[in-house]
Amino acid sequence: AAAAMGVHGLKAQIEKHGKPVLRTLNRGEGKGEKLLIDAAALCLHVVSTVLGEEARAGQAGFIEAAYAAALKYCQRLVATGLRCIAVLEGAADAGHEARHVDQARKSLARGEGGGCWVLAIRHAMKDAGVELLQAKGGADPLLLHLAIKSQDVFAVLTSNTDFFVYTGVSSVSFVGDVVVGATGTSFVVWNVADAWAAWKRAASHGKAHFSAGTSLTQRAHVAGVMGTDSGAGVKQRLEGRGDVKEGDRAAERAEGVRTKRVVSSPSWAAALALCQPTEDLPMTFFTKTLSLKKFEKDDFTQFQAVVKGYLDDHAFASEAPLEALTVSQPSLPHCEPGMIPWLKCGLVPTSLLSFAARGFGTVLGMDGVVPQQTLRFCFEVRRAAAANLFLKAVPPSVYEFEPASGTIFLLRKGGSPIPGWFNPEKNLPSLPVNEDLAAAPPELPMRPGGTLAETVEAVRGATEGLAEDSIILHAMMVHLATPGDKAVSRQAARAALMPNLPDAKTMLAALQAEDEAAASEEAEDEAALAAVGKGNAALINTGSSLTKDDWGDFDAKDVVARTRAGGAFKLMQVLQPFDKLSSYSVPQLRREEVFDYFFTQRKEPGFWKEMLEDQFNWEYHEVSKDKARKKAIDAVSTTQILANLASMPNKEGEFTHRWLSAVSGGKMEDLLELKRIGDVAGTDSLEYAVGMAVWKAAREPVREAAEQRMYSCENRSGFHGIPRRFPHQQEVVDLVEEHLSGLQATTLAARPAPLHIILSTPTGSGKTFTAVMLSLQVLREKFPDAILVYSVPTKQVLKRVGQDCEAHKLPYWTASQTGNLYEVRRPYSIRTEKSKKSEAADKGDIKQQLNQAHQLGRAHHDRGTNGLPSVIVADVFAASAILQAASADSPQSPFHMDNLVLYFDEPNMGIHLNAAVLKAARSIMRSGPRTCILASATLPPWGELEKFWYGGINAQRLAITQKPYSLPMSDLLLYDMERAEARPVSVLELFHDVMEFGLALDKRERLSVLLLRHLSPEHALDISGQPAETVEERWSALNGEVKVLREGLEPQLRSLAEDPQEFAELRVDWAAHSSRTSQYAPPKLSSALSKTGITMVATLNPRRVALELAGWSAEPGPEWLDAVHAMSARWKEADRVHKAAVKASQRTQKKTEDDDMMVDEPVTGSMTVKKGVEVMLTDEIDPDTLVMLSRGVAYSCGDGSEGPVVKRIYAQALLHVPEASMGRASSAIYPINVLVVDYSSIYGTDCPGVDRVVMMDDIGELLTFEDHQQFIGRLRRDGTAVFLSDKTMRAAVAGLGERPQSAAAKVVAKVQAGEAELSGAAAAVKAGEPLLTPPSQTAQSLLREVLALTPPGEKDGKSPAAQVVKQLTRWAPVLDAVIPKGQAKRAAFLRAAEALLSQPRYLAAVPMALKALYDEDVVEEDAVLAWCQGALKRAERDGRAKAVAAKAKPFVEWLQEADSDEDEEDDDE
């Protein structure tokens, strides 16, 4: 994917420390500035982002769709007035052949076809007015040359972070951040030098002696440390993966043994490299500073080669003339002059340019299923085309790589070698070369037709099984291989590629008309709206129809008091602006107190004296000589030192207290905290040295626990000193403040265009907090006339936001729709004493309601500015009405659009389920808010949104993203009630194969980050880790911040999409582990609930499911009826006792009245249902609900049908989770430990005690991927996400559809149905698997299907074990043909079989199954014994492996005895 191009992880660091400029250009405002476009990045962006999932290479209509999308995108770029120059990729440069080959294999695996879609997008660029510049070799040198040499460069538009390394590039804009609109286009432009300077200042802790500038060499050092596309080996060393040889990894898998590995942080190492005082980065930086003990000279040589590559590339691009970098006669002197114009235009098959430039290209679209006759036909066409490229006097050799077979083929034999020309022995020595097919002179197998279209038809008739785009490409080659006037015109090529599209002029006119229509008011598509969520409208409930109880909740004193007692409220009072230096700094330790603390313990066992001599050498010896000073220090205890530090008012005292407490504690969380602080302070610091000493002194179980805990969401830094805003919060504040200041300009020309921001932050990251902070700290202080309109997605959120405003004493109103009218309320908290008894305004038109509330507020002196609120909390319907009214209001009105700041919370919630919600969202965006923040955890970037989000207006648009690296870990559990099995599922098992994995990552840019939370520590170590042989190495690799840890893991997870073999082996390995850890699960949902915390269950019917989880059924049994009877009896007894108390109180009152004394009011009667759950005797509640609550179950419905009692107890469950309970091992401490929710309550429920979420299929099948992610996000600590079906799990976690059937399953089903012969099954299975599928995966899939044929009980008088033997015997020839040959491969197969046979229904059949496989020669003795040896090792820690090994023991002993008997017979002979 484009996101992985260039320097790995550099974009994240640039975004973290730099500050871009948002430039929005309306039509013609570009004024001829140059936009240098990386054409390959634009192609990938259009295909993976603009087109979306419905279009894939090879599908019908894909080429036309790619052209149309690119034409629209490029036309809008050109409309800005920028001079758009696209640089096209040419031949593979020398030294990059291996990467070129790898890309070809990846393209084949993903079914990207012959590449006609690339040509179509190039045609679109040309038709839209983009200048095309064809590079001779790679596009990067030419782009760099233009950036260095050109004047008036607006930016380099790319996805390749290499352009941040080159000092000749001043401005870069990432193609994924560009928002093209009908009326204008927004660019996020990075000043490269400023971004590096900001990072360096932060990394150096702002020290003055560090120069803010960065040289090319320093940037190249950072690139080499972080890893690049061409030098990933260095990065793998830093992350540890390079320390594990593939042979060792395979051996580990065969035995099921996992070497302990830990992951380090490339970004941390890069920051250290950036701050090195000299231009030289010696090998000791890696071996000592980074403690990479296995970093050897070869690794350092590779690092130096990466650095030198950047320096050489920059020098070459600076010095080479333009014609040497582009396709021209001087750059291709051996080519026929007549071919140069066609190669230069960039609109002919790309392989021809590769042949002409270096004699090496790639053939795509041939998947190995194409008949041999067609393959030979196409081969001869390419040979003839290649021969026609060159001057007859100097014909060079030409080769092509065919990825399906992995072979290099000679197309034509040449004469004398040309300097720099491709040589397979030198450039790709590991690949086989076939020169036999090129023995005869090349001859074109057919003559071209009169037109290209006729030639296309002729090629189609002469071939069989050839993909459509390959037919078109070879037809072009037929023309280009024919001398004379048969060359392909651009119009003919366009018509052949896209025969169903009108001409470019017509399409451009239509696009312009579409843009003009979009700029006017968008017409409602009532038919489309009516189709949305048909039959599902009841799922959504926002703030409409708020009841009296709901309005009372806003002012509830107990709720407000708890909010004010929370950490978020306290944080708001002291929160300061974000400081970039704070991310790389911690307060200074108070060295004197640290010395005293260590000195008083110098005689204690441990590291105290060692650290004194190492870190305080001078002070230690001076004090040792000063008896008085020594005595004074010894007189103060460590407890007193800590108490003194705690009482200091400065941050250094607090920090030193915290640090010394961690040093003395030595617990796993202390070790992580010490490593976190040590990394920031630097490897040569006191903090780092002491941290390592504590690590060495810790017990091994504590160290292992710390290594496990570093993957937890709780592994994150707390506050060091002054609490500050997060970077994304600061960016929002700065943009809004600057924008509102601009809106105050007196002239229309000086006023900025509307500002529309997508604030994309993870669930639970504080979006509500951000809104309240914006109002409190920016709007109220600097723009008192501004009103924040907070549009909420549900009624629950509406109330929660109101309560937050209440707690912070923010003057606010609430607005909601009731029927076709609106109601605006002024809560009692903002009214003064004079207006306490004022009545709320009646329902009515929104403008009338706003004006009436304003008049009442002003007349009765409400808190706020002139009776106006700081915030209006509105449901989505009321927000829509407010904005429509504001757009038509006069500038003098306090509710004019200039005065409103829209904070649209979760704007995409429910738009797919409820047409009314979608219509309201459309209306909000169309009314043109001047300042708009779309806050969502799941809203895609602007480029992926439907056009209604643009509102038909010109606006500045950008996305502020906080990638969700710190989400809680979430194990995946498939709870199959039909099979009575609870089975853990690994991330890779979600995907059918590597192709589906790669396509899913391409479709959703953030998916790889989201998947990281589902990786177990063992899985994380498998994809990226290093053997930790010493305590020092393990300390160096320990990571004290889960965010940084996952940042390093993400590229490794993504890289699996490019490594089918590694993906398949890990998938098999992880699936085997999942099978071994699956457990029996009673077929009832209550067994899926958490035993350690609170469970949240999502369903369409919360009440019914809540009752069922408590034990109720449609036909209640004796146990439930007894519970109801007992609860009724308790209620009656409580009522009797209360009535008696009331009578006694009345008698007392009468007596005291006679005595003229004061008496207390009688206490309201209540009953304790269970500890922590109390109901009032005046409440209306049925016995079933009381029993449900007594068993810790509550539910919430968006329509309020749960009633006030359940609603109150449900709300208490969210607020009453004691902090001390977090992490305990029992859910019994929670009064309510099960929360059942419907759709709207998912968005309104936030409970820190939730550690398990259960998605039921009834609601799961209706939700979008974004909805599912919201639900999984309800986990507020490490926990488990439970699904009841594979289909729902795949949709929720990876956004996938129903799992495709494997080739093995299809073949087995056909054989069983009599539709196919068993003899052809093996060939059919192999042919049906996707390309590059490892045989090990195919074999395991086949065995699973064969075992599934056996019935669970007896059949025809045969036991289940006998049935297993019968099927294995029958399918043995097929298994033997599919499983790779060799002892190691067959042993690996047995390990996969072990995972399947360990299931209870197959366990008894293990010895007979092994014997059947042995008798049928599927496995031999050596393979069985090798597998058994590994199984015995695994049995020490794996109960399933132990069970299988025990069952296999009789067969293994028989084998060994038979072998011993044969040896004795041999001796006798």
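Everything numeric here is computed off the predicted structure, so don't read it as measured data.

The rules behind these values
- Residues numbered from 1 in each chain as written.
- Predicted model: local features only at pLDDT ≥ 70, side-chain atom pairs only at ≥ 80, totals over all residues.
- Heavy atoms only, no water.
- Patch = residues over 30% accessible without salt bridge, like charges linked within 9 Å, V, L, I, M, F, W, Y side chains within 5 Å.
- Areas by Shrake-Rupley, 256 points an atom, 1.4 Å probe, with all protein chains shown as cover.
- Salt bridge = Lys/Arg side-chain N within 4 Å of Asp/Glu carboxyl O.
- Lys, Arg positive; Asp, Glu negative; His and termini not counted.
- Charge placed at Lys NZ, Arg CZ, Asp CG, Glu CD.
- Helix = DSSP H or I, 4+ residues; strand = E, 2+ residues; numbered from the N terminus.
- Buried < 20%, exposed > 50% of the residue type's maximum accessible area, 1.4 Å probe, protein only.
- Axes fitted to C-alpha atoms, helices over the stretch in contact; angles between N-to-C directions.
- Parallel < 35°, antiparallel > 145°, perpendicular 65-115°, else oblique.
- Left-handed = near helix turned anticlockwise from the far one by under 90°.
- Contact = heavy atoms within 4.5 Å.
- Nonpolar A, V, L, I, M, F, W, Y, C, P; charged D, E, K, R; others polar.
- Pairing = 2+ DSSP bridges.
- pLDDT = per-residue confidence, 0-100.
- Expected span 1.5 Å × (residues − 1).
- Core = buried A, V, L, I, M, F, W, Y, C linked by side-chain atoms within 4.5 Å.

On the surface, a cluster of negative charge is contributed by Glu1416, Asp1417, Glu1420 and Asp1422. Along the chain, Asp1417 falls in the loop between helix H62 (1406–1415) and helix H63 (1421–1434). Using a relative accessible area of 56% as the deciding quantity, one classes Asp1417 as exposed.

On to the packing of helix H57 (residues 1321–1328) against helix H59 (residues 1360–1378). Contact geometry of H57 with H59 gives a least axis separation of 8 Å together with a crossing angle of 40°. In terms of orientation, H57 lies oblique with respect to H59. H57 and H59 meet at a crossing whose hand is right-handed. Listed contacts from H59 to Ala1321, Ala1322, Val1325 and Lys1326 of H57 are Trp1371, Val1374, Ala1377 and Val1378. Of the residues assigned to the contact of H57 with H59, the class counts are seven nonpolar, no polar and one charged.

The next subject is the pairing of strand S5 (residues 153–158). Most of S5 sits inside the fold, with six of its six residues counted as buried. With four bridges connecting them, strand S2 (residues 34–38) and S5 associate as parallel partners. Along S5, the bridge assignment pairs Leu36 with Val156. Pairing analysis gives three bridges linking S5 to strand S6 (residues 171–174), with the strands arranged parallel.

Bringing the sheet that holds strand S30 (residues 1234–1237) into the picture now. The eight strands lie next to each other as S25-S23-S22-S32-S31-S26-S30-S29, forming an open sheet whose pairing is mixed. The open sheet has two edge strands, strand S25 (1079–1080) and strand S29 (1193–1196), and neither has a second partner. Inspection of the sheet shows strand S22 (residues 970–976) paired to strand S32 (residues 1279–1283) by five bridges, in the parallel sense. Residue pairing in the sheet places Asp971 in a bridge with Thr1280 of S32.

Within the structure shown, the criterion is met by 49 salt bridges. Arg602 is the salt-bridge partner of Asp634, the closest N and O atoms lying 2.9 Å from each other. Of this pair, Asp634 sits in helix H30 (residues 627–634) while Arg602 sits in the loop between helix H27 (591–599) and helix H28 (608–615), and the two are 32 residues apart along the sequence. Look at Asp634 and you get partly exposed, because its relative accessible area is 38%.

Right, let's get into a positive patch on the surface. There is a patch of like positive charges on the surface, built from Arg564, Arg780, Lys809 and Arg863. Its relative accessible area of 41% is what places Arg780 among the partly exposed residues.

Attention now moves to the confidence of the model for the protein. Reading fine detail from the predicted coordinates is not recommended where pLDDT is low. Here the protein averages 83 in pLDDT, while 86% of its residues score no lower than 70. In this model residues 231–263 is a low-confidence stretch, pLDDT under 50, and it forms 118 contacts with partners more than four residues away in sequence or in other chains. A low-confidence stretch, residues 1218–1224 (pLDDT under 50), is modelled with nine contacts involving residues beyond four sequence positions or located in other chains.

Attention now goes to helix H3 (residues 62–79). The terminal C-alpha atoms of H3, which comprises 18 residues, lie 26 Å apart, in line with the 26 Å expected from a rise of 1.5 Å per residue. Of all 18 residues in H3, 13 are buried, a share of seventy percent or more. Of the residues trailing H3, Gly81 is marked for its positive phi of about 90°.

Here helix H32 (residues 651–665) spans 21 Å end to end across 15 residues, near enough to the 21 Å set by a 1.5 Å rise per residue. All of the buried residues along H32 are Gly653, Phe655, Thr656, Trp659, Leu660, Ala662 and Val663. In the core, the buried residues of H32 are packed alongside H27, H28, helix H31 (638–646), helix H33 (668–681) and helix H34 (686–697). The first or second residue beyond H32 is Gly666, which carries a positive phi of 65°.

It is worth spelling out the nonpolar core at this point. Counting residues in hydrophobic clusters, the biggest one holds 147 residues, and the most contacted among them are Phe598, Trp659, Phe991, Phe997 and Val1097. In terms of residue count, H34 provides more of this core than any other element does, seven residues in total. What Trp659 contacts, discounting residues up to four positions off in sequence, is Leu589, Val594, Phe598, Leu674, Ile677, Leu686, Glu687 and Val690. Counting residues in each nonpolar core, the second largest holds 97 residues, with Val188, Ala195, Tyr790 and Cys805 among its members.

The next subject is the environment of Ile953. Mapped onto the fold, Ile953 is located in the loop between strand S20 (931–936) and strand S21 (956–961). Ignoring anything within four residues of it in the chain, the contact list for Ile953 reads Thr183, Pro754, His756 and Gly928.

All right, on to the sheet that holds strand S10 (residues 360–362) then. Overall, mixed pairing links the four strands, which are arranged S10-S11-S12-S13 in an open sheet. Looking along the sheet, the strands with just one partner apiece sit at the ends: S10 and strand S13 (433–434). Alignment of strand S12 (residues 407–412) against S13, held across two bridges, turns out to be parallel. The partner of Phe409 across the bridge, within S13, is Asn434. Across the sheet, helix H16 (residues 350–358) lies against S10, strand S11 (398–402) and S12, angled at about 165° from S10, the strand it touches most. Running over the sheet, helix H17 (residues 372–387) touches S11 and S12 and is turned about 55° from S12.

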